[in-house]
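Here's the letter readout for the chains.
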Amino acid sequence: MTHIETPDTIISANYAAMSKKAAHEIAALLHSKPDAVIGLATGSTPIGMYAELVRMHEEEGLDFSQATFFNLDEYVGIPHDHPQSYHHFMHEHLFSNVNANPERIHIPNGNAVDLEAECARYEQGIKDAGGIDLQVLGIGANGHIGFCEPGTDFTLGTHITQLTEQTRNDNARFFDDDHEQVPTEALSMGPATIMSAKRIIVLANNTAKTNKTHAVHDALYGDVTQDIPATILQKHPDVSFYLDWSIQREVQKMIASQSERSFSRD
Ligand code: PGA
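About the thresholds
- Residues numbered from 1 in each chain as written.
- Predicted model: local features only at pLDDT ≥ 70, side-chain atom pairs only at ≥ 80, totals over all residues.
- Heavy atoms only, no water.
- Near = heavy atom within 4 Å.
- Polar contact = N/O pair within 3.5 Å; in protein donor to acceptor, adjacent residues only side chain to side chain.
- Areas by Shrake-Rupley, 256 points an atom, 1.4 Å probe, with all protein chains shown as cover.
- Nonpolar A, V, L, I, M, F, W, Y, C, P; charged D, E, K, R; others polar.
- Axes fitted to C-alpha atoms, helices over the stretch in contact; angles between N-to-C directions.
- Helix = DSSP H or I, 4+ residues; strand = E, 2+ residues; numbered from the N terminus.
- Parallel < 35°, antiparallel > 145°, perpendicular 65-115°, else oblique.
- Contact = heavy atoms within 4.5 Å.

### Quick word on the site of the ligand
Looking at the ligand, the residues that line it are Gly 43, Ser 44, Thr 45, Gly 138, Ile 139, Gly 140, His 144, Arg 173, Phe 174 and Lys 212. Between the ligand and the protein, one listed contact pairs an oxygen atom with a side-chain N or O atom of Thr 45 at 2.4 Å. Between the ligand and Arg 173, the relevant distance is 2.8 Å, taken from an oxygen atom to a side-chain nitrogen or oxygen of the residue. When the free accessible area of the ligand is taken as 280 Å², the share hidden by the protein chains comes to 88%. Grouping the amino acids of the shell around the ligand by side-chain chemistry returns two nonpolar, six polar and two charged.

Written out as structure tokens, the structure is:
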């Protein structure tokens, strides 16, 4: 039988507390399984979590040296040292500041000559590492996870994807607010790759620039549909959403107004 369940939610008072809680889950995994395989995400949301992990490394000796890391995605066609490449992001926010072993850091190569072959190589690399123990995800306002945009086939592994206009607009804030500078393609783990992780955590809060209330609501309570990729997470047996109180309140308001509407129709 297919497992469908509302994912667990872990609510924090604010972004800083949410970031710390998520970092502490990763730290707990590194303590219990130093050679864990960890899937990581980019974007503005996990920055606070990475800062807390760096603090734990510096002040408490949290050890990253035996763990293996696989990032979710990377843009196609921008150099690794481009300030907005995900290679650059990960080194800036985490890898350069902790003792991760460079040989155990994996990020899709969006500059590979043969992008299809790169996707197959990446997917195989995850399998060869024994699979992902813990996958960290952000969520886009359109419900994307990684760069799996609405409509992505749930059976896909790592693949080449076209970015939607909404995602390019959302990400323009990282490219001098210039939509034209945002790449049009990316390599991304697919829904099947993400779902094969043993445990998944999703971090989400609303910011001035992106409102994710709908996406989080649907991921938790909506019908499972390829149109909203995050809804597939309801079929995963071990997933938690780390939310701040503000987004949680917005989601609850949405549920209340829906039930009011259905009550007034009855
Ligand atoms: P954000 O991106 O953390 O920058 O909001 C999340 C995502 O698009 O997956």
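### Some points on the packing of helix α2 (residues 47-60) against helix α3 (residues 86-93)
Between α2 and α3, the least distance of the axes is 9 Å, while the angle of their chain directions is 40°. The angle between α2 and α3 places the two elements in the oblique class. Across the interface between the two elements, Ile 47, Tyr 50 and Val 54 of α2 pack against Phe 89, Met 90 and His 93 of α3. Taken together, the residues of the contact of α2 with α3 sort by class into five nonpolar, one polar and no charged.

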